[in-house]
Amino acid sequence: MKIHTTKPFGIIISALTKYREFLAPTYGPVGKKILMGTGYSPYAVDDGSKASEDFELEDEFENEVIKYAKETTSRMNKLFGDGTTTCALLTIDLVLEVLKNHDDKFSSKNHNDAVSEVERGTKESIKKIKAASKKIKTKEELCAIAYSSFNNKELAELISETVWKVGKDGAIALGDSQTNKSVVEYVVGLEVEKGLISPYLLNRENGTAVLDKPRFILVNQRINSYNEVFPLLNKLQSAGIYDLVIMADGYSADTIDGLIRYNLSIGGMANPKGKYRAIVLETPSIDKGEILKDIASIVKAEIIDDKQNITFANIDVNKLGSSKSVISSMEKTTIFDGMGNPKERISQLNSLLEKAQPFEKDKLQKRIASLLGGIAIIKVGANTDGEQKAIKSKVEDALNASKVAYRGGVVAGGGHAFDIKTSSSILNGILKTPRKQLIEN
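Cut-offs and rules
Residues numbered from 1 in each chain as written. Predicted model: local features only at pLDDT ≥ 70, side-chain atom pairs only at ≥ 80, totals over all residues. Heavy atoms only, no water. Helix = DSSP H or I, 4+ residues; strand = E, 2+ residues; numbered from the N terminus. Rg over C-alpha atoms; globule rule 2.2 N^0.38 Å. Buried < 20%, exposed > 50% of the residue type's maximum accessible area, 1.4 Å probe, protein only. Contact = heavy atoms within 4.5 Å. Lys, Arg positive; Asp, Glu negative; His and termini not counted. Charge placed at Lys NZ, Arg CZ, Asp CG, Glu CD. Pairing = 2+ DSSP bridges. Axes fitted to C-alpha atoms, helices over the stretch in contact; angles between N-to-C directions. Core = buried A, V, L, I, M, F, W, Y, C linked by side-chain atoms within 4.5 Å. Polar contact = N/O pair within 3.5 Å; in protein donor to acceptor, adjacent residues only side chain to side chain. Expected span 1.5 Å × (residues − 1). Arc of directions from axis to C-beta. Salt bridge = Lys/Arg side-chain N within 4 Å of Asp/Glu carboxyl O. 1 Å grid on protein atoms, 1.4 Å probe; cavity = no way out; pocket = protein on both sides within 12 Å on 5 of 7 lines; lining within 4 Å. Points joined across faces, edges and corners; volume = space filled by probe spheres on them. Nonpolar A, V, L, I, M, F, W, Y, C, P; charged D, E, K, R; others polar.

Chemist: If you had to explain the overall build of the protein to someone new, which residues and values would you point to?
Modeler: Within the protein, the regular secondary structure consists of 15 helices and 15 strands. By the compact-globule yardstick of 22 Å for 441 residues, the protein fits well, its C-alpha radius of gyration being 24 Å. Counting only residues that meet the buried cut, the protein has 45% of its 441 residues in that class. For the protein, long-range pairs separated by at least 24 residues make up 75% of all intrachain contacts whose partners lie at least 6 apart in sequence. Averaging the coordinates of the 61 positive side-chain charges in the protein and doing the same for the 58 negative ones gives two points 3 Å apart.

What follows is the structure in structure tokens.
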């Protein structure tokens, strides 16, 4: 065990100050690029969230502080996909402000008082910002949002056109173009708000699991034992089918362990690179059976359901359904180019919509919109791999900003939205820092 002789607050202040100095220059439309060396090929990036992923400090204690700070950008990125640097700067400045006038004898009472004050002020500021927001009404307004995030007119128009076409609840993914021109491709697909049940199923490098031409084992019940599914896995393996998406209401511990072991063994045996060949998901908690039917219509699959007398033992392998590819993270799963046609399913949902209660209509309309819109894939073009990576990062930011704005509205940019007063003097000062940093940059 190592013990640091520096005072704890000194470690926190030192680490956060270095982190801020690193992030601040990237902030805003004229933010500077950072050249990152990660042990592989270096790359240039002007996105604070992307840059912070590889940011580390030599001092191991300071680095632990940075891990906590990074959680704010990570959480922001998962929830909204944009605003990560603003979030990081506000967090860092808030902690530094609270600690700057206190030594290591700072009492827990003072600390709790400060936290309570900031929490109260935060609720007030959220209420005021929401009241000031305006809904997006035209495609041109949407284009302005994309352009303010990434000042490339051609790509801003492409992004806004895509978001406008698929709608607020449509799914949009990013891909690579084989030329220097960016294009949009629309495919039959679906985005499911459910991710992998275990981090052991992830590719640690990019935080996702990617499958090519997978089959779908959709189960409208809980799998209580690995022995239930094992015979079907053997049957698929004998047929040379390895890439699988397994979705059920729940799993016993031995089922999860068994599927992870199966995954690792097949990945090593069938693919020298050790690529994962099976991903395991839980059905979204609301309307489970109905969501499974939506997915089944996209991939042309039968659902394993004891009530319908379709079991693991008697299901036809050819009726498991398929899609061109699937990408899954711990938060969501995207199905691309399913072999099914959801037209009949959409018709069923429209019939349900006519009879639905008001509180049910919104959910049904979103599901219909998802099935109708399919998935748009923005394929980013560039002249080199390095350029493509940098542009793709900026397109992702602009896309996320556009989607969030379309759903929740917009407020004045350039830090003006934070020109508000709350009952917290600490927070009032911190809310001015994004605008100050923008001006400095």
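Chemist: Any details on the sheet that holds strand β5 (residues 190-192)? Residues and values, ideally.
Modeler: The four strands lie next to each other as β5-β14-β13-β6, forming an open sheet whose pairing is antiparallel. Strands at the two margins of the open sheet, each flanked by one partner only, are β5 and β6 (209-212). The sheet shows a mean angle of 10° between the axes of neighbouring strands, taken without regard to direction. Bridge count for β6 against strand β13 (residues 323-328) is four bridges, and the pairing is antiparallel. Bridge assignment links leucine 211 to a residue of β13, and that residue is valine 326. On top of the sheet, helix α10 (residues 288-299) reaches β5, β13 and β14 (333-338); it is set at about 35° to β14, its chief contact.

Chemist: Mind laying out the nonpolar core, listing which residues take part and the relevant values?
Modeler: When a protein is soluble and globular, its nonpolar side chains tend to lie buried together. By size, the foremost hydrophobic cluster in this structure holds 54 residues, and its most contacted members are Ile217, Leu218, Leu233 and Leu244. Ranked by residues supplied to this core, first place goes to α10 with six residues. In contact with leucine 233, not counting residues within four places along its chain, are Ile217, Tyr226, Leu244, Ile246, Leu259 and Tyr262. Among the nonpolar cores identified, the runner-up in size contains 23 residues, and Cys143, Ile159, Ile172 and Tyr406 belong to it.

Chemist: I'd love a proper account of the side chain of threonine 162, names of residues and values included.
Modeler: Here threonine 162 shows up in helix α7 (residues 153-166). Within the structure, threonine 162 has its side chain in polar contact with the backbone oxygen of leucine 158 (distance 2.7 Å). In this structure, threonine 162 is in contact with Ile172, Val184, Tyr186, Ala376 and Ile378, ignoring residues within four places of it in sequence.

Chemist: I'd like a description of the sheet that holds strand β12 (residues 303-304), backed by residues and values.
Modeler: Taken in spatial order, the four strands line up as β11-β9-β7-β12 in an open sheet, and their pairing is parallel. Because the sheet does not close on itself, it has two edges, and the strands there are β11 (278-282) and β12. In the sheet, strand β7 (residues 215-219) pairs with β12 via two bridges, with the strands oriented parallel. Within β12, the residue paired with valine 219 across the bridge is isoleucine 304.

Chemist: Could you give an account of the environment of alanine 253, with specific residues and numbers?
Modeler: With respect to the element layout, alanine 253 can be found in helix α9 (residues 253-270). Residue alanine 253 is classed as exposed on the basis of its relative accessible area, which comes to 55%. It is 8.5 Å that separates the C-alpha atoms of alanine 253 and asparagine 224, two residues lying 29 residues apart in sequence.

Chemist: Hey, could you go over unusual backbone geometry for me, with residue numbers and the actual values?
Modeler: Of note, the phi angle at lysine 213 is positive, near 50°, even though the residue is not glycine. Even without being glycine, asparagine 309 reaches a positive phi, approximately 60°. Among the structural elements, asparagine 309 can be located in the loop between β12 and β13.

Chemist: Tell me about helix α11 (residues 343-355), and name the residues and values.
Modeler: Across its 13 residues, α11 extends 19 Å between first and last C-alpha, which sits within 8% of the 18 Å expected from 1.5 Å per residue. By the burial criterion, the buried members of α11 are Arg345, Ile346, Leu349 and Leu353. Across the axial projection of α11, the buried residues extend over an arc of 100°, all falling on one side. Pointing more than 90 degrees away from the buried face of α11 are the exposed residues Lys343, Glu344, Glu354 and Lys355. Each element contacted by the buried residues of α11 is listed here: α10 and α12 (358-373).

Chemist: Hey, could you go over the pattern of salt bridges for me, with residue numbers and the actual values?
Modeler: Throughout the structure, instances matching the rule amount to 13 salt bridges. Taking the shortest distance from any N to any O, the salt bridge between lysine 293 and glutamate 290 comes out at 3.4 Å. Taken together, the positions of lysine 293 and glutamate 290, both in helix α10 and three residues apart, correspond to about one turn of that helix. By sharing partners, the salt bridges in this structure join Glu290, Lys293, Asp294, Arg345 and Arg367 into a single network.

Chemist: Help me get a handle on the pairing of β7, residues and values and all.
Modeler: Where burial is concerned, most of β7 is hidden: four out of the five residues are buried. Alignment of β7 against strand β9 (residues 244-248), held across four bridges, turns out to be parallel. Across the sheet, residue isoleucine 217 finds its bridge partner in β9, namely isoleucine 246.

Chemist: Lay out empty space enclosed by the protein in plain terms, naming residues and giving numbers.
Modeler: This model, assessed by the stated rule, comprises one cavity of 30 Å³ or more. Computed from the structure, the largest cavity encloses a volume of approximately 40 Å³. For the largest cavity, the full set of lining residues is Val192, Phe216, Leu218, Val245, Met247, Leu281, Ile295, Thr333 and Ile335. Those elements that provide at least two residues to the lining of the largest cavity are β7, β9 and β14. Considering only residue class, the lining of the largest cavity consists of eight nonpolar, one polar and no charged.

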